[in-house]
Amino acid sequence: MAFISWHLWKDRCSFVFNNKHSTPHTTNSFLTDAESVCRPSNHIVVVTTVHRWSPPTRHLIKVNTNAYYCHVFKNGGYGLIFRNSTGTHLAFACANFREASGPELLESLAAMEAVKLASQLGFKKIVIEADYV
């Protein structure tokens, strides 16, 4: 996900600063290539149901975490976002790793970082929501 975001950001900067246009076809081709490279080697595609974000109860802060892992290059990263009961964004963090042992480790690191950042920000009660099964 971070690699894809970087590519889209790079295209945007090329447009803004160098007046170079990227076509939807070029972007779609890149996304298709990136998806095929990072698909697990056994070619099993997991389809998940998209759920709507649900807010935490009034005195809690919800931290949503997500990790990605590329089985081909053995790298990955995670992202997390803190929101209150009204859905207001309070903080976020992300990290990339050139070497990672698997998605389980990355999801665990995301949860650990959420607890650490919550403590630094003075959040007393948090709930962590992750999508890894």
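Anything mentioned here points back to the structure above.
Residues numbered from 1 in each chain as written. Predicted model: local features only at pLDDT ≥ 70, side-chain atom pairs only at ≥ 80, totals over all residues. Heavy atoms only, no water.

**Notes on the pattern of salt bridges**
Logical step 1: Counting across every chain of the model gives two salt bridges.
Logical step 2: With its nearest N and O atoms 3.0 Å apart, the salt bridge here joins glutamate 129 to lysine 62. Highlighted residues: glutamate 129 in strand 4 (residues 126-130) and lysine 62 in strand 1 (residues 61-70), separated in sequence by 67 residues.
Logical step 3: Here lysine 62 falls in the buried class, since its relative accessible area comes to 5%.
Logical step 4: For the salt bridge of glutamate 113 with lysine 116, the shortest nitrogen-to-oxygen distance reads 3.9 Å. Of this pair, glutamate 113 and lysine 116 are both found in helix 3 (residues 103-121), three residues apart, which corresponds to roughly one turn of the helix. (Salt bridge = Lys/Arg side-chain N within 4 Å of Asp/Glu carboxyl O. Helix = DSSP H or I, 4+ residues; strand = E, 2+ residues; numbered from the N terminus. Buried < 20%, exposed > 50% of the residue type's maximum accessible area, 1.4 Å probe, protein only.)

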